[in-house]
Amino acid sequence: MVMPIDPALTLSQWFSPAYPVGAFAYSHGLEQAIADGDVEGPTSLHQWIADVVHHGSGRNDALFLAAAYHADDPAPLDARLRAFVASKERLMEADLLGVAFADITASVTGHDLGGLTYPVAAGRAARLAGLPLPLTSAMFLQAFVTSLVSVGQRLIPIGQTDGQKIIAALAPECAAIAQDTQTGDLDQLSSTAFLSDIAAMRHETLTSRVFRT
């Protein structure tokens, strides 16, 4: 008898740093913010990430993920996400992470995700695998937070303990946003994380850099 797999175990695999999507290569504009001195320690890193999650691409990605989960055809949503992102580098990030996620997930699950951007691919994969949307979205957001914390740890740097404190502090907020965005209502799309958007644009011309975005 084959035992059913706990959805949390599947999602922890998909959104683990060990899942080969290459998330470690992208800073989402944070590298530029650190270079400018806007983020210089645990407190400012926490606030920067919290603002992006609440008021910028974190919440918007959760909306796109949920919309893809509900959609019979994710292609129009994917086109809308590509039009909505604020900069060339962020589009590259969403695109290449999505391609990598789709490739490895297809190999593991057999589900064809096509060339979807990362949030749309994640929502589509969760639907095809029959995974719960709120948990998928919450773990997607926590993976995003964890990735940005790792950028801070490499560049500021901050210690492992401070990094884990930030992740733990933002975990309830990831869960709350996942609940709030379950309908996938794209009329709720908005972004007031202007410094993050500007940093992502300016990163394209940063002379010396570690990250691709």
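One can find the structure itself at the top, above this paragraph.
Conventions and cut-offs
Residues numbered from 1 in each chain as written. Predicted model: local features only at pLDDT ≥ 70, side-chain atom pairs only at ≥ 80, totals over all residues. Heavy atoms only, no water. Patch = residues over 30% accessible without salt bridge, like charges linked within 9 Å, V, L, I, M, F, W, Y side chains within 5 Å. Areas by Shrake-Rupley, 256 points an atom, 1.4 Å probe, with all protein chains shown as cover. Salt bridge = Lys/Arg side-chain N within 4 Å of Asp/Glu carboxyl O. Helix = DSSP H or I, 4+ residues; strand = E, 2+ residues; numbered from the N terminus. Buried < 20%, exposed > 50% of the residue type's maximum accessible area, 1.4 Å probe, protein only. Contact = heavy atoms within 4.5 Å. Core = buried A, V, L, I, M, F, W, Y, C linked by side-chain atoms within 4.5 Å.

Chemist: Can you lay out a nonpolar patch on the surface for me, pointing to particular residues and giving the numbers?
Modeler: Side chains of Phe194, Leu195 and Ile198 sit close together on the surface and give an oily, nonpolar patch of about 330 Å² of accessible area. For Phe194, the position within the fold is in helix H10 (residues 194-202).

Chemist: Tell me what's going on with unusual backbone geometry, and back it up with residues and numbers.
Modeler: Here Ile156 and Pro157 are connected by a cis peptide whose omega angle stands at -15°. Looking at the element boundaries, Pro157 is found in the loop between helix H8 (133-155) and helix H9 (160-180). In this structure, His28 takes a positive phi of about 60° despite not being glycine. Turning to its location among the elements, His28 is positioned in the loop between helix H1 (7-14) and helix H2 (30-36). Among the residues examined, His28 registers a relative accessible area of 7% and is labelled buried.

Chemist: Please give an account of the side chain of Ser137 that cites residues and values.
Modeler: Summarising the element assignment, Ser137 is placed in helix H8. For Ser137, a relative accessible area of 2% translates into the label buried. Beyond its immediate chain neighbours, meaning those up to four positions away, Ser137 contacts Ala62, Leu65, Ala178 and Thr181.

Chemist: If you had to explain the nonpolar core to someone new, which residues and values would you point to?
Modeler: Counting residues in each nonpolar core, the largest one holds 37 residues, and the members touching the most others are Trp14, Phe15, Phe101 and Leu186. In this structure, Phe15 is in contact with Phe101, Tyr118, Ala122, Thr136, Met139, Phe140 and Ala143, ignoring residues within four places of it in sequence.

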